[in-house]
Amino acid sequence: MECSHYARKPNVGHVPLRLPKARQLLNVIDNNFGTLPFCRRYLVRLGEQKYLLGLNNLVQAGVVEDYPPLCDILGCQTAQYEHTLILRPTCKEVLSRGDDY
């Protein structure tokens, strides 16, 4: 399936990038997202145009990790949340919320 989510890999040293667009896009990613995951739509909102070649170059260079969509059953998508929830008849309980959130 088509990949739509990406994240900068932490602790990656200097990697020589030949494409100027890839270097410029890496600066945009570092300044706006750091190592937090992002999707292509966020790059469009930041005003980036014609970024796909540079993004693919960053993935191939090992600087950015691409994340394919989660699939449970072929053709169906699966939702992903930042927390583990228990849905009870009278309330919702968040199990994974810690002191650092």
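In this text, all values refer to a predicted model and were calculated from it rather than measured experimentally.

A. Just the sheet that holds strand β1 (residues 5-8), in detail. Strand order across the open sheet formed by three strands is β2-β1-β3, with antiparallel pairing between neighbours. The open sheet has two edge strands, β2 (38-39) and β3 (64-67), and neither has a second partner. Bridge count for β1 against β2 is two bridges, and the pairing is antiparallel. Bridge assignment links H5 to a residue of β2, and that residue is C39.

B. Fine view of the pairing of β1. For β1 and β3, the ladder comprises four bridges, and the chain directions are antiparallel. For R8, the partnering residue across the bridge sits in β3 and is V64.

Cut-offs applied
- Residues numbered from 1 in each chain as written.
- Predicted model: local features only at pLDDT ≥ 70, side-chain atom pairs only at ≥ 80, totals over all residues.
- Heavy atoms only, no water.
- Pairing = 2+ DSSP bridges.
- Helix = DSSP H or I, 4+ residues; strand = E, 2+ residues; numbered from the N terminus.

Read these as spatial facts, not as claims about activity.
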